[in-house]
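Here is what each chain is made of, one letter per residue.
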Amino acid sequence: MVALVVLVNVLGARTGDTGSPRDRDRAPADVSGADPGPREDLPVLPLEVPPVTPAAEESCPAVMGKLPLELAGEPSRRVQSDSPYVYAWGEPPVVLTCGVERPAGWKVTASAIQINGVQWYVDTADPESTVWTAVDRPVYVEVRLPAGVDSAPVTALTVPLAEALPYQEPSPAP
């Protein structure tokens with residue numbers, strides 16, 4: 001696509017483009033990256049998070065470096081927390097927290113859902129949100145979705161999560 005735009009621009013310049021309005025209307029579309037929008041458009045989101053552990057300090061910076069500025073069409077937003085390993089998008093917010101404790105319901109008898117090679121334990125006990133926790137990485141990574149939001153944000157996060165953290169055999173509670 002970019003090569004085509006360059007070719008059209010080069011050939012257009014050679015054919016005597018006069019810059020008339022008619023010629024400008026036929027100009028190729030701008031293919032530069034779009035800005036997902038300013039983060040300050042959404043208010044700062046205060047979040048309570050678990051204390052940062054040594055395992056989180058070791059693993060979570062890689063996760064945070066891979067997160068997208070936009071998730072499922074929603075812009076990122078600033079958060080206020082005691083941990084640098086929390087990120088949010090949109091309103092109502094989708095919140096990712098890296099380095100959480102093993103979910104209480106993640107037991108040998110519980111099932112997991114695999115998406116793009118990442119295993120997730122899904123907790124639907126809270127009617128206000130669905131909590132997805134990646135259970136096969138060196139640290140647990142939680143994604144909290146507002147009620148009514150489908151799994152698209154979780155699906156989009158599996159690729160950066162798998163790139164940032166290596167697979168580790170899941171260890172549910174007995």
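Above this text sits the structure in question.
Residues numbered from 1 in each chain as written. Predicted model: local features only at pLDDT ≥ 70, side-chain atom pairs only at ≥ 80, totals over all residues. Heavy atoms only, no water.

A. The state of the cysteines, seen in detail. Enumeration over the complete set of coordinates arrives at one disulfide. Covalent S-S linkage joins C60 and C98, the inter-sulfur distance amounting to 2.1 Å. Taking the torsion about the S-S bond as the criterion, the C60 to C98 disulfide, at about -85°, is left-handed. Of this pair, C60 sits in helix α3 (residues 54-64) while C98 sits in strand β6 (residues 94-100), and the two are 38 residues apart along the sequence. Using a relative accessible area of 0% as the deciding quantity, one classes C60 as buried. (Disulfide = S-S within 2.5 Å. Helix = DSSP H or I, 4+ residues; strand = E, 2+ residues; numbered from the N terminus. Buried < 20%, exposed > 50% of the residue type's maximum accessible area, 1.4 Å probe, protein only.)

B. Quick peek at the sheet that holds β6. Read from one edge of the open sheet, eight strands run β2-β3-β5-β6-β10-β9-β8-β7, paired in antiparallel fashion. The two strands at the open ends of the sheet, each matched to only one other strand, are β2 (70-71) and β7 (113-115). In terms of strand pairing, strand β8 (residues 118-123) meets strand β9 (residues 129-134) through four bridges, oriented antiparallel. Pairing of Y121 across the sheet is with T133, part of β9. Helix α4 (residues 152-164) rests against β2, β5 (86-89), β6, β7, β8, β9 and β10 (140-146) of the sheet, and its axis sits at about 140° to β8. (Pairing = 2+ DSSP bridges. Contact = heavy atoms within 4.5 Å. Axes fitted to C-alpha atoms, helices over the stretch in contact; angles between N-to-C directions.)

C. Structural detail: the pairing of β6. Across the seven residues that make up β6, a large majority, seven, are buried. Between β5 and β6, which pair antiparallel in sequence order, lie four residues; one of them, G90, sits at a positive phi of approximately 70°. Strand direction decides the pairing type here: β6 and β10, joined by five bridges, are antiparallel. By the bridge assignment for β10, T97 is matched with E142.

D. Region of the structure containing empty space enclosed by the protein. Enumeration according to the criterion identifies one cavity of 30 Å³ or more in this entry. A volume near 40 Å³ is recorded for the largest cavity. At three residues, the largest contribution of residues to the lining of the largest cavity is made by β6. (1 Å grid on protein atoms, 1.4 Å probe; cavity = no way out; pocket = protein on both sides within 12 Å on 5 of 7 lines; lining within 4 Å. Points joined across faces, edges and corners; volume = space filled by probe spheres on them.)

In short, geometric facts, not functional conclusions.
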